Amino acid sequence: MGLPQSVLAPAGPAARDIVTVTTILTVGAIVVLVVVMALLAYGARRDGASVSETRWVVSGGIVFPVTVLTALFFYSARMSGALHAAAPPEALRIDVAGWQWWWEVRYPGTPSAVSANEIHLPIGAAVELRLTSPDVIHAFWVPSLAGKLDMVPGRAHRLIVRADSAGVFRGQCAEYCGTQHAQMALVLVAEPAEAFAAWLAAQAAPASASSAPEAARGF
């Protein structure tokens, strides 16, 4: 699957929130680094001149880092809560099982619609992916749409995704799960609601018999 895969190319609200949080935390870390280096340079240039240790310890060692880190903590906690919000009642539910080393995808409202390594969803709609693993720990990750979520055997995990525009997005298992882990990729296809409904109906329809002579002979 030679599709692009980048956390810096968000195509949905959850992925954009993750990029925003990452940017804010990075800027905060840079600010702390710059201030610490500036204080270090200032202290080195004093050449033994009198410096108020108490003032610098309190302001530079306590007040400044506590203020910055507290603000970043509450900001990241608020954003984390938003990323883990429950799915709305009308959300489409899709069951995704991670096997060694492929993805089984089922649409509960259409039991006969089953696909491998390919998820379809309508654009603009909230979709709840119900993630399970029958064998070992896997991790579901489509970076353009949402964050990584581990899939622990014996547990059901839920991930809300929404694509704002049509496209094909690459995903993969992000937790080492065996010898073929690197090949455990998938694609998520976001398409208009009408196209999604037509695709789902086609998947649910009985398979047509092949008219090829090879099929009639069985080889």
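No experiment lies behind these values; they were computed from the predicted model shown.

Cut-offs applied
Along each chain, the written sequence defines residue order, and numbers are assigned to residues from 1. Only residues with pLDDT of 70 or above have their local features reported here, since the model is predicted, and side-chain atom pairs are shown and tallied only from 80 upward, although totals for entire chains, interfaces and linings are computed over all residues. Calculated side-chain values reflect all of the structure's heavy atoms, with hydrogen atoms and water omitted. Only strands joined by at least two bridges in the DSSP assignment are considered to pair. Runs of H or I in DSSP of at least four residues are treated as helices and runs of E of at least two as strands, each being numbered from the N terminus. Lines are fitted to the C-alpha atoms to define the axes, a helix being fitted only along its stretch in contact, and any angle between axes, read from their N-to-C directions, falls within 0 to 180 degrees. Note on definitions: a residue-residue contact is assigned when non-hydrogen atoms from the two residues lie within 4.5 Å. The pairing test for Phe, Tyr and Trp rings, Trp by its six-membered ring, is centres within 6.5 Å, and the orientation test on the planes gives stacked under 30 degrees, edge-to-face over 60, and tilted for anything in between. Burial classes: relative accessible area under 20% of the type maximum marks a residue as buried, over 50% as exposed, and values in between as partly exposed (1.4 Å probe, protein chains only). In this text, buried Ala, Val, Leu, Ile, Met, Phe, Trp, Tyr and Cys residues form a nonpolar core when linked through side-chain atoms within 4.5 Å. By the counting rule applied here, Lys and Arg register as positive and Asp and Glu as negative, while His and the ends of each chain are not counted. Whenever Lys or Arg places a side-chain nitrogen within 4 Å of a carboxyl oxygen from Asp or Glu, that contact is recorded as a salt bridge.

### Quick look at the sheet that holds strand S2 (residues 102-107)
- One open sheet holds the five strands; their spatial order is S3-S2-S1-S5-S8, and the pairing between them is mixed. The open sheet terminates on both sides in strands that have one partner only, identified here as strand S3 (110-116) and strand S8 (157-161). Between one strand and the next, the sheet's axes are offset by a mean angle of 25°, whatever the strand orientation.
- Here five bridges tie strand S5 (residues 127-132) to S8, and the two strands are oriented antiparallel to one another. Each bridged residue has a counterpart across the sheet, and for Leu-129 the counterpart in S8 is Leu-159.
- Helix H3 (residues 193-204) rests against strand S1 (92-99), S2 and S3 of the sheet, and its axis sits at about 95° to S3.

### Re the packing of aromatic side chains
- Taken as a whole, this structure holds six aromatic pairs when the rule is applied.
- Taking the centre distance of 6.4 Å and the plane angle of 55° together, the rings of Tyr-107 and Phe-196 count as tilted. With Tyr-107 in strand S2 and Phe-196 in helix H3, this pair connects stretches of sequence that are 89 residues apart.
- Overall, the relative accessible area of 8% leaves Phe-196 in the buried class.
- For the ring pair Phe-196 and Trp-199, a centre distance of 6.4 Å and an interplane angle of 25° mean the geometry is stacked. Linking Phe-196 with Trp-199, this pair stays in helix H3, spanning three residues, or about one helical turn.

### Some remarks on the nonpolar core
- One finds Tyr-107, Ile-119 and Phe-140 to be the most contacted residues of the largest nonpolar core, which totals 31 residues.
- Residue assignment for this core shows that the elements contributing at least two residues are S1, S2, strand S4 (118-122), S5, S8, strand S9 (167-173), strand S10 (185-191) and H3.
- Non-local contacts of Ile-119, meaning those with residues more than four positions away in its chain, are made with Ile-94, Val-96, Val-105, Tyr-107, Phe-140, Leu-186, Val-187, Leu-188 and Val-189.

### Looking at the side chain of Glu-191
- Within the fold, Glu-191 resides in strand S10.
- For the buried Glu-191, which has no salt bridge, the nearest side chain bearing the opposite charge is Arg-162, at an N-O separation of 16 Å.
- Apart from residues no more than four positions distant in its own chain, Glu-191 is found in contact with His-120, Leu-121, Pro-122, Ile-123, Phe-196 and Trp-199.

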